[in-house]
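If you want the building blocks of each chain, they are given just below.
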Amino acid sequence: MEKQKNAIGRRKEAVTRVFLSKGEGKITVNDKDYKQYFSLVYMQNQLELPFKTVDLRDKFDVKINAKGGGIKGQAEASKLAIARALLQINPDFRPALKAAGLLRRDPRSVERKKPGRKKARKSFQFSKR
């Protein structure tokens, strides 16, 4: 039996660890079915996208440990981790996954609060007099 592949994905404050093993396409997130954990169809599609890109929808079981951030950040971090794990299985998937934009980590995150300001960019109200 082939050893399971694992990868890490990050997005904002969310970090996910993905474990890929041969199976029939079962996806679990934090010991729940992914359709129960990610209730919005958009987020469910995010998890399925790497498999659809390389036509391997029902060939692997996926176990995901998600921590931190929000539900959407976790879904997008999982998408990146699944794509990275698929690359470990077969490096020939790289052009297809890269063309779909699945190997790029989204660098956007919360900007820090600056001193003398209310938030990162918002200032206190200016009064001329």
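Scoring rules and cut-offs
Position numbers for residues start from 1 in each chain and track the written sequence from start to end. Local features in a predicted model are, by the rule used here, given only for residues with pLDDT of at least 70; side-chain atom pairs are given and counted only at 80 or more, and totals for whole chains, interfaces and linings are based on all residues. Calculation of side-chain values draws on the structure's entire complement of heavy atoms; hydrogens and water are dropped beforehand. By this definition, two strands are paired if DSSP reports at least two bridges between them. A run of DSSP states H or I qualifies as a helix once it reaches four residues; a run of E qualifies as a strand once it reaches two. Both are numbered from the N-terminal end. Throughout, a residue-residue contact means that at least one pair of heavy atoms, one from each residue, lies within 4.5 Å. Lines fitted to the C-alpha atoms define the axes, with helices restricted to the stretch that makes contact. Angles between their N-to-C directions range from 0 to 180 degrees. Between buried and exposed lies partly exposed: a residue is buried under 20% and exposed over 50% of the maximum accessible area for its type, with that area taken using a 1.4 Å probe on protein chains only.

In this section: the sheet that holds strand β3 (residues 27-29). Strand pairs in the sheet, formed through backbone hydrogen bonds, run parallel or antiparallel to each other. Pairing within the open sheet is mixed, and its 5 strands lie in the order β1-β2-β5-β3-β4. Two strands bound the open sheet, and with one partner strand each, they are β1 (5-11) and β4 (32-33). In terms of strand pairing, strand β2 (residues 14-22) meets strand β5 (residues 60-67) through 8 bridges, oriented antiparallel. If you follow Lys22 over to β5, its bridge partner there is Phe60. Packed on one face of the sheet, helix α2 (residues 41-53) meets β2, β3 and β5 and runs near 140° to β5.

With that out of the way, let us pick up the environment of Ser78. Checked against the element boundaries, Ser78 lands in helix α3 (residues 71-89). Owing to a relative accessible area of 0%, Ser78 belongs among the buried residues under this scheme. For Ser78 and Glu48, which are 30 residues apart along the polypeptide, the C-alpha to C-alpha distance reads 10.0 Å. Ignoring sequence-local partners within four residues, the contact set of Ser78 consists of Thr16, Val18, Leu47 and Ile64.

All right, on to the pairing of β2 then. Here β1 runs beside β2; their pairing, made up of 7 bridges, is antiparallel. By the bridge assignment for β2, Ile8 is matched with Arg17. Counted between consecutive antiparallel strands, the loop separating β1 from β2 contains 2 residues, among which Lys12 sits at a positive phi close to 55°.

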